Amino acid sequence: MKQRIMSGMRPTGKLHLGHYLGVIDNWVKLQDDYDCFYQVADWHALTTKYDKTENLRQDILDVVMDWLACGINPDKSTLYVQSLVPETAELHIYLSMITPQNWVERDPTLKDMAKILKSKEGMGTQVNYGLMGYPVLMTADILLFNADFVPVGIDQVAHVELSRDIARRFNYVYNTDFFKEPQPKLNNCSLICGLDGNKMGKSFNNDIKISDTEEVTAKKIMTAITDRSRIRKDDPGHPDECEVAYKYWKIFGGENEIEQVATECKAGARGCADCKRKLGAKINERMAEIRKRRKYYEEHPEIVETIIKDGSEKARIEAQKTLAKVRELVKMY
Ligand code: TRP
Ligand code: SF4
């Protein structure tokens, strides 16, 4: 029997290269060796955006299309939407009973989310009851499939640690060893920064989307920060102080290519504009296959809908097995 993987993403709309390189590519590689469950966490999206749901459906479709384009294969992995597996909510109830309030209160990621909310204006700036349950709901996602590993970005590790504590506490309270303690699984890919050198993010307007066209990508790359001390194109450059463009080369270029870029840059034999034109072409080359697949799914949304429906049904069958056992352990009627 293969070990289990469970992970998820909130439906934030079209995904960017940070998602691809930081998380999805890792998920793709795990598909052959593990029994994988990948979820679009629409209830988690509601914890902060319950009043902005007009685009939720399209956002979910966009996320799934990006996954499929990147190589998540529905014949290998179970791909589903959280709210289409309502067993999640029932497990969340049982887990919420055994989770001490101060465990969620000290969750650092949750503290950050609360801080951001409070700094905004208008509706939805209060920390609601549902948001407090964020890590417990995430624990329900993971334990529903009794996952061995949870591949996530570094920002989610604190949540996964908490889910280990909750699993252990459930086992203790109900005198069982039913739940495994899920382990976070970090990938070894270096984090890609945004075009301005900050963390890549949709709201920072510094991202390159998986679904961007070649033209848009090329144009965006021309705005990437380079070596700020360089004025003329034949000045000797400093690749290590080239804040964004050279870092991208290190992610997308081959070994020899990276070396050549550095040598030419240092010798003043390579202008930044020219360098970034080549970089744009390089990234487009890497993304070509993925974008072709994305286009195919955009033109066939009905296929995507079917994949979501079938995957969610498959996930439910597994979820119901877990829940039957949990009800028995808790001694529900
Ligand atoms: N909280 C995760 C994020 O924002 C998404 C998520 C929901 C998740 N449920 C999960 C991740 C279960 C891993 C396992 O990215
Ligand atoms: Fe960066 Fe390339 Fe310019 Fe050198 S030539 S500073 S590597 S963009």
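Residues numbered from 1 in each chain as written. Chains lettered and ligands numbered in written order. Predicted model: local features only at pLDDT ≥ 70, side-chain atom pairs only at ≥ 80, totals over all residues. Heavy atoms only, no water.

Caption draft 1: Spotlight on the site of ligand 1. Near ligand 1, the surroundings consist of 15 residues, among which Arg10, Tyr134, Met138, Asp141 and Gln156 are the closest. Tyr134 places a side-chain nitrogen or oxygen 2.7 Å from a nitrogen atom of ligand 1. Between ligand 1 and Asp141, the relevant distance is 2.7 Å, taken from a nitrogen atom to a side-chain nitrogen or oxygen of the residue. In isolation ligand 1 offers 370 Å² of accessible surface; the protein chains occlude 95% of this area. Where the shell around ligand 1 is concerned, the elements lending two or more residues are strand E1 (4-9) and helix H8 (134-143). (Near = heavy atom within 4 Å. Polar contact = N/O pair within 3.5 Å; in protein donor to acceptor, adjacent residues only side chain to side chain. Areas by Shrake-Rupley, 256 points an atom, 1.4 Å probe, with all protein chains shown as cover. Helix = DSSP H or I, 4+ residues; strand = E, 2+ residues; numbered from the N terminus.)

Caption draft 2: Local environment of the domain arrangement of the protein. Domain parsing of the protein yields domain 1 (4-192 + 301-330) and domain 2 (212-293). Centre-to-centre, using C-alpha coordinates, domain 1 lies 35 Å away from domain 2. Domain 1 puts 10 residues into the contact, and the matching count from domain 2 is 8 residues. Interface of domain 1 and domain 2: buried area, both sides summed, is about 740 Å²; carbon and sulfur atoms make up 72% of it. The interface formed by domain 1 and domain 2 holds 0 salt bridges in total. The interface formed by domain 1 and domain 2 includes 1 residue pair in polar contact (both at pLDDT 80 or more). Elements with a minimum of two residues in the side of domain 1 that touches domain 2: helix H1 (17-30) and helix H3 (56-70). For the side of domain 1 that touches domain 2, the element with the most residues is H1, which contributes 4 residues. (Domains from an automatic or database assignment. Contact = heavy atoms within 4.5 Å. Buried area = accessible area lost by both parts, 1.4 Å probe. Salt bridge = Lys/Arg side-chain N within 4 Å of Asp/Glu carboxyl O.)

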